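Listed below are the residues making up each chain.
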Amino acid sequence: MKKIALLGCTGSIGTQTLDIVRARRDEYKVSALMCGSNADALIRYAKEFDCTLLGIADEAKRGYVASALPSATVHAGEKALEILAASDADIVVVAVVGMIGLKAVLAALDAGKTVALANKESLVAGGAAVKEKLKHGGKIHPIDSEHSAVWQCLRGESNFKRIVLTASGGPFYNSNIDLSTVTPEQATAHPNWKMGKKISVDSATMMNKGLEIIEARWLFDTENIDYVIHPESVVHSFVEFDDGSIKAQAGSADMRLPIQYALDYPRHVVREYKPLDLPLNLRFFAPDEARFPAPKLAKSALDIGGDACVILNAANEAAVRLFLERKIKFTQIIQIVEDAMNEERIDGAGGANVDKIFATHKRVYDKIYYRYNK
Ligand code: NDP
Ligand code: MG
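Residues numbered from 1 in each chain as written. Chains lettered and ligands numbered in written order. Predicted model: local features only at pLDDT ≥ 70, side-chain atom pairs only at ≥ 80, totals over all residues. Heavy atoms only, no water.

Participant: In this structure, what is going on with helix H1 (residues 12-23)? I would like to understand it.
Facilitator: In an α-helix there are 3.6 residues to a turn, and that puts residues three or four apart on one side. End to end, H1 covers 17 Å across 12 residues, agreeing with the expected 16 Å (1.5 Å per residue, within 8%). Buried within H1 we find Ile13, Gly14, Gln16, Thr17, Leu18, Ile20 and Val21. Of the surrounding secondary structure, the elements contacted by the buried residues of H1 are strand S1 (2-7), strand S2 (28-35), helix H2 (39-48), strand S5 (91-94) and helix H11 (256-264). (Helix = DSSP H or I, 4+ residues; strand = E, 2+ residues; numbered from the N terminus. Expected span 1.5 Å × (residues − 1). Buried < 20%, exposed > 50% of the residue type's maximum accessible area, 1.4 Å probe, protein only. Contact = heavy atoms within 4.5 Å.)

Participant: I would appreciate a short explanation of the nonpolar core in the present structure.
Facilitator: Looking at soluble globular proteins, one finds that nonpolar side chains tend to be buried together. Grouped together as the largest cluster of nonpolar side chains are 90 residues, with contacts concentrated most on Leu7, Val94, Leu312, Phe330 and Ile333. Ranked by residues supplied to this core, first place goes to helix H13 (residues 308-324) with 12 residues. Contact partners of Phe330, with chain neighbours within four places excluded, come to Phe172, Leu179, Val182, Ala187, Ala204, Thr205 and Phe323. In terms of nonpolar packing, the next biggest core, distinct from the first, is built from 38 residues, Ile20, Cys35, Ala116 and Leu263 among them. (Core = buried A, V, L, I, M, F, W, Y, C linked by side-chain atoms within 4.5 Å.)

Participant: Just checking my understanding: could you explain the site of ligand 1 for this structure?
Facilitator: Around ligand 1 there are 25 residues in total, and Thr10, Ser37, Asn38, Glu121 and Gly196 lie nearest to it. Between an oxygen atom of ligand 1 and a main-chain N or O atom of Ala118, the distance comes to 3.5 Å. Expressed as a share of its isolated accessible area of 890 Å², the protein-covered part of ligand 1 is 84%. When contributions to the shell around ligand 1 are tallied by element, the ones reaching two or more residues are H1 and S2. (Near = heavy atom within 4 Å. Polar contact = N/O pair within 3.5 Å; in protein donor to acceptor, adjacent residues only side chain to side chain. Areas by Shrake-Rupley, 256 points an atom, 1.4 Å probe, with all protein chains shown as cover.)

Participant: Would you take a moment to explain the packing of helix H14 (residues 330-343) against helix H15 (residues 354-372) for this structure?
Facilitator: Following both chains from N to C, one finds H14 and H15 inclined at 130°, their axes separated by 12 Å at the closest point. Accordingly, the angle class assigned to the pair H14 and H15 is oblique. Considering the relative orientation of H14 and H15, their crossing is right-handed. Note on element contacts: H15 touches H14 through Ile368, Arg371 and Tyr372, opposite Gln332, Ile336, Ala340 and Glu343. Classifying every residue of the contact of H14 with H15 by side-chain character gives four nonpolar, one polar and two charged. (Axes fitted to C-alpha atoms, helices over the stretch in contact; angles between N-to-C directions. Parallel < 35°, antiparallel > 145°, perpendicular 65-115°, else oblique. Left-handed = near helix turned anticlockwise from the far one by under 90°. Nonpolar A, V, L, I, M, F, W, Y, C, P; charged D, E, K, R; others polar.)

Participant: In this structure, what is going on with the coordination of the magnesium ion (ligand 2)? I would like to understand it.
Facilitator: For a metal bound by four donors in tetrahedral geometry, the ideal donor-metal-donor angle is 109.5 degrees, whereas six donors in octahedral geometry ideally sit at 90 or 180 degrees. The protein atoms that coordinate the magnesium ion (ligand 2) are Asp144 (OD), Glu146 (OE) and Glu212 (OE), at distances of 2.0 to 2.2 Å. Counting gaps between the donor residues of the magnesium ion (ligand 2) yields the pattern D-x1-E-x65-E. The exposure classification of Asp144 matches that of Glu146, with both residues buried. (Donors = N, O, S within 2.8 Å, 3.2 Å for Na, K, Ca; no water.)

Participant: Can you help me understand the sheet that holds strand S3 (residues 53-56) in this one?
Facilitator: Picture the strands of a sheet paired through backbone hydrogen bonds; they go either parallel or antiparallel. Pairing within the open sheet is parallel, and its seven strands lie in the order S4-S3-S2-S1-S5-S6-S7. Whereas interior strands pair on both sides, the edge strands pair on one side only; in this sheet they are strand S4 (73-76) and strand S7 (139-142). Strand-to-strand twist in this sheet, taken as the mean axis angle between neighbours without regard to direction, amounts to 25°. Lying on the sheet, helix H4 (residues 78-85) is in contact with S1, S2, S3, S4 and S5; it crosses S4 at an angle near 130°. (Pairing = 2+ DSSP bridges.)

Participant: How should the packing of aromatic side chains be read in this particular structure?
Facilitator: What characterises a pair of aromatic rings is the spacing of the ring centres plus the angle enclosed by the ring planes. This structure, assessed with the given rule, holds nine aromatic pairs. A ring pair is formed by Tyr261 and Tyr265, whose centres lie 5.8 Å apart and whose planes are at 85°; its orientation type is edge-to-face. Relative accessible area serves as the criterion here: at 4%, Tyr261 is assigned to the buried category. Through pairs of rings, three or more aromatic residues link up here, namely Trp151, Tyr261 and Tyr265. Here Lys103 stacks its cationic end above the ring of Phe358, 4.2 Å away from the centre of that ring. The lysine or arginine in question, Arg321, covers the ring of Tyr369, its NZ or CZ lying 3.8 Å from the ring centre. (Phe/Tyr/Trp six-rings, centres within 6.5 Å; stacked < 30°, edge-to-face > 60°. Lys NZ or Arg CZ within 6 Å of the ring centre and 35° of its normal.)

Participant: Before we go on, may I ask you to explain the state of the cysteines in this structure?
Facilitator: As used here, a disulfide is simply a covalent bond connecting the sulfur atoms of two cysteines. This structure, assessed with the given rule, holds zero disulfides. Between Cys35, a cysteine without a disulfide, and Cys9, which holds the nearest cysteine sulfur, the sulfur-to-sulfur distance is 5.5 Å. (Disulfide = S-S within 2.5 Å.)

Participant: What is the right way to look at the pattern of salt bridges in this model?
Facilitator: Pairing of side chains with opposite charge becomes possible as their charged atoms draw close. Inspection of every chain in the model, using the stated rule, returns 37 salt bridges. Residues Glu240 and Arg162 are paired through a salt bridge, measuring 2.8 Å at the closest nitrogen-oxygen approach. One end of the pair, Glu240, is in strand S10 (residues 235-240); the other, Arg162, is in strand S8 (residues 162-167), and 78 residues separate them in sequence. Here Glu223 makes a salt bridge to Arg217, at a shortest N to O gap of 3.5 Å. On the accessibility criterion, Glu223 (44% relative accessible area) is partly exposed. On the basis of relative accessibility, which here comes to 15%, the residue Arg217 falls in the buried class. (Salt bridge = Lys/Arg side-chain N within 4 Å of Asp/Glu carboxyl O.)

This is how it looks when you write it as structure tokens:
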């Protein structure tokens, strides 16, 4: 029986992870559950999965959860993430949103755990720190579909030349919509995937692909990373080898596939699934970086190194929140990130210093959030 600590259990990845466990209760036991503030859902899942180690980021709701579940231990606040990440589990699923996930990843790796990682912001901001930690035991199994694809293509291979990530292009790639008029409702209606609000907006601006390029750099130790627009989201990524041969991984756009693979690695386990309708009509286009410059911006942050990616990520997190709160226009999101990259003092060294990563994140995030929160 594999014990799973699930951090971010009430979100899109979290609930799909619970779907997998629900179907395979003889193989998996949920040993810890954490959410941000959705206490009622946390209580419901704790009861359903008979889980007595719980965490809730919103400290004000700790008492409410504890009184509903008298036999449970309930931790609250940021420290709960670290406590649950290091708890008695075989695999820690980090499915929280935002760079706060870095706390969980580092705590889990410190405790020598296997991390099934959905949270990309942790690697974007803290990739160098995570890589340091990986030297001391612990493993990362990627959940992000593109990275799961690359991981699968690299099985049995010793070297490769280039990674090509695929990108759906989001809801606006093939539309003539005036991007300055886009509303949060339009931006969060993704054509192929049903996801949380932050990643849906990131997909719409294409910053999601930028974050994924940085994520791939740390997972696969290369800067030879390109991306291509593939509206059908069937091919999840390509790996090109030195002889020109290319491997791709394909499947339906269902996150339960990469989640389950991260839990079961190295096995592909039987599951009920909807087969792809053949023949497939797949298209691949060059990106339009004039209209969607975010991936280029992310690549330049990667080239600069140091804390440039921390600044990029913090500015993006603050700007996406402002957009969802209707304080800024859709087109201001990437403009704000670009301004932050130009205005902030970037320290080219020390990308692995964890205290500095959190301090830089907070400084940039707060500055932007309070500047526009009027
Ligand atoms: P959601 O917004 O749907 O879920 C986020 C989860 O994190 C919720 O359970 C939320 O709890 C919890 N949470 C929020 N803040 C905190 C906190 N401070 N401490 C602990 N838990 C917290 O996001 P997604 O599931 O869509 O995405 C999660 C991560 O996975 C993101 O980094 C995203 O980029 C990545 N990812 C997602 C994919 C997808 O298909 N959804 C695909 C690939 C990657 P509450 O509900 O209480 O607020
Ligand atoms: Mg992805």
